[in-house]
Amino acid sequence: MTSQSAYNVYQQNHTSVESPVKLIEMLYEGILRFSALAKRGIELNDIEKKIYYINRTTDIFTELLNVLDYDNGGEVAHYLTGLYMQQIKFLTQANLENNTEKIDIVIKVTKGLLEAWREIHQNIL
């Protein structure tokens, strides 16, 4: 699945995205949902589900990387690039090692990102 496919999935599931701010919130929520399902796949030794949901989660992080605005985002955009890349690395390790702790890290980081996003944009959402 490409990053464009990840975006298309969200467009199909939520036909009317109110704003780019709402889209980012939905992408973070998707990461949380798919990460939990990937973790469950590992716990159940369901390789197919594990790989499917890790790939979906990675695709969302790739989409988030693609929409970063370095001109207006400055240091924050560069920080998020490193943070998103680190989460992709954890997902890859989780996949190779069947390591739910790596997925727990991704979930924790993403929950923090989602909370911060909502706080910053509370008047828009």
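As the structure is a computational prediction, the values presented were derived from the model and not from experiment.

Engineer: Would you mind showing me how to read the environment of Met26 here?
Structural biologist: With respect to the helices and strands, Met26 occurs in helix α2 (residues 20-43). Judged by its relative accessible area of 5%, Met26 is buried. With 88 residues separating them in the primary sequence, Met26 and Leu114 have C-alpha atoms 9.2 Å apart.

Engineer: When you look at the environment of Glu101 in this model, what are you seeing that I'm missing?
Structural biologist: Relative to the assigned elements, Glu101 resides in helix α5 (residues 100-120). The spatial distance from the C-alpha of Glu101 to the C-alpha of Lys39 is 8.8 Å, given a sequence separation of 62 residues.

Engineer: Honestly, the packing of aromatic side chains in this entry has me stumped. Any pointers?
Structural biologist: For any pair of aromatic rings, geometry is given as the distance between the ring centres together with the angle between the planes. Going through the model one piece at a time under the given rule, you end up with three aromatic pairs. With centroids separated by 4.9 Å and ring planes inclined at 80°, the aromatic side chains of Tyr52 and Tyr53 adopt a geometry described as edge-to-face. The buried category is assigned to Tyr53, whose relative accessible area is 19%. Note on Phe61 and Tyr84: the rings are 5.8 Å apart at their centroids and 50° apart in plane angle, and the pair reads as tilted. Of this pair, Phe61 sits in helix α3 (residues 47-66) while Tyr84 is found in helix α4 (residues 70-97), placing the two residues 23 residues apart along the sequence. Residue Tyr84 is classed as buried on the basis of its relative accessible area, which comes to 2%. Between the NZ or CZ atom of Arg33 and the centre of the ring of Phe34, over which it lies, the distance is 5.7 Å.

Engineer: Sorry, what's going on with α2 here?
Structural biologist: Because each turn of an α-helix spans 3.6 residues, side chains separated by three or four positions in sequence point in the same direction. Taking 1.5 Å per residue as the helical rise, α2 with its 24 residues ought to reach 34 Å, and the 35 Å between its terminal C-alpha atoms agrees with that figure. One or two positions beyond α2, positive phi appears at Asn45, with a value near 55°.

Engineer: Explain the nonpolar core here, please?
Structural biologist: When a protein is soluble and globular, its nonpolar side chains tend to lie buried together. With 28 residues, the main nonpolar core has Tyr28, Ile31, Phe61, Leu64, Tyr84 and Ile103 as its most contacted residues. Going through the elements one at a time, α2, α3, α4 and α5 are the ones with two or more residues in this core. The element that contributes the greatest number of residues to this core is α2, accounting for nine residues. Ignoring any residue separated from it by four or fewer positions in sequence, one finds Tyr84 in contact with Tyr28, Phe61, Leu64, Leu65, Leu68 and Leu113.

Here is what the cut-offs are and how they apply
- Residues numbered from 1 in each chain as written.
- Predicted model: local features only at pLDDT ≥ 70, side-chain atom pairs only at ≥ 80, totals over all residues.
- Heavy atoms only, no water.
- Helix = DSSP H or I, 4+ residues; strand = E, 2+ residues; numbered from the N terminus.
- Buried < 20%, exposed > 50% of the residue type's maximum accessible area, 1.4 Å probe, protein only.
- Phe/Tyr/Trp six-rings, centres within 6.5 Å; stacked < 30°, edge-to-face > 60°.
- Lys NZ or Arg CZ within 6 Å of the ring centre and 35° of its normal.
- Expected span 1.5 Å × (residues − 1).
- Core = buried A, V, L, I, M, F, W, Y, C linked by side-chain atoms within 4.5 Å.
- Contact = heavy atoms within 4.5 Å.

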